[in-house]
Amino acid sequence: MLEAACGRSDPGAAAHALLALGRVRWPDTPPANLGDLAQRLGGDPEMEIMELDRALYAPGGTEWRGELLWQL
């Protein structure tokens, strides 16, 4: 699911897939949002997830390309 979303550069589907993975990884304390997930992962994944978050929620949005996130 995440691979397909990143391949299509579909930020909504990528966010949904990432949060689903977070629920599997941390079933007792799942991440509440992308920012929470990004903090837990840290480093390069954190930066890419925050780019995804900006693409979804920043005023005017930004173009998001999913290839790098999938590589990480």
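For the structure itself, look to the data block above.
Read on for an overview of the structure. (Residues numbered from 1 in each chain as written. Predicted model: local features only at pLDDT ≥ 70, side-chain atom pairs only at ≥ 80, totals over all residues. Heavy atoms only, no water.)

Some words on the packing of aromatic side chains
With the rule as written, the count across this model stands at 0 aromatic pairs. When the ring centre of Trp 26 is taken as origin, the NZ or CZ atom of Arg 40, which lies over that ring, is 5.0 Å away. (Phe/Tyr/Trp six-rings, centres within 6.5 Å; stacked < 30°, edge-to-face > 60°. Lys NZ or Arg CZ within 6 Å of the ring centre and 35° of its normal.)

Side note on the nonpolar core
Leu 18, Leu 34, Ile 49, Leu 52, Trp 64 and Leu 69 are the most contacted members of the largest nonpolar core, which totals 17 residues. Top contributing element to this core by residue count: helix α2 (residues 11-25), with 5 residues. Excluding residues that lie within four positions of it along the chain, Leu 52 makes contacts with Pro 11, Ala 14, Ala 15, Leu 18, Leu 34, Trp 64 and Leu 69. (Core = buried A, V, L, I, M, F, W, Y, C linked by side-chain atoms within 4.5 Å. Buried < 20%, exposed > 50% of the residue type's maximum accessible area, 1.4 Å probe, protein only. Helix = DSSP H or I, 4+ residues; strand = E, 2+ residues; numbered from the N terminus. Contact = heavy atoms within 4.5 Å.)

Section: helix α3 (residues 34-41)
Listed in full, the buried residues belonging to α3 are Leu 34, Leu 37 and Ala 38. Within α3, the buried residues cover an arc of 100 degrees as seen down the axis, which keeps them to one side. The backbone nitrogen of Gly 35 lies 3.0 Å from a side-chain oxygen of the residue at the head of α3, namely Asn 33. Following α3 by one or two positions, Gly 42 adopts a phi angle in the positive range, close to 65 degrees. (Arc of directions from axis to C-beta. Polar contact = N/O pair within 3.5 Å; in protein donor to acceptor, adjacent residues only side chain to side chain.)

Concerning the pattern of salt bridges
In the structure shown here, the tally under the stated rule is 4 salt bridges. Across the pair Arg 40 and Asp 36 runs a salt bridge, and its minimum N-O distance is 3.3 Å. You can see Arg 40 and its partner Asp 36 sitting in helix α3, 4 residues apart, about one turn around the helix. Among the salt bridges present, the one from Arg 65 reaches Glu 67, with a minimum N-O distance of 3.3 Å. Residue class for Glu 67 comes out partly exposed when judged on its relative accessible area of 36%. (Salt bridge = Lys/Arg side-chain N within 4 Å of Asp/Glu carboxyl O.)

Concerning unusual backbone geometry
Residues other than glycine seldom take positive phi values, yet Ser 9 does so here, at roughly 50 degrees. Along the chain, the position of Ser 9 falls in the loop between α1 (2-7) and α2.

Some remarks on helix α4 (residues 43-57)
For α4, spanning 15 residues, the distance from its first C-alpha to its last is 21 Å, which sits close to the expected 21 Å at 1.5 Å a residue. Taken residue by residue, α4 has Glu 48, Ile 49, Leu 52 and Ala 55 as its buried positions. Buried residues of α4, viewed axially, fall in a sector of 110 degrees; they line one side. In α4, those exposed residues whose orientation departs by more than 90 degrees from the buried face are Met 47 and Tyr 57. On its buried side, α4 packs onto α2, α3 and α5 (67-71). (Expected span 1.5 Å × (residues − 1).)

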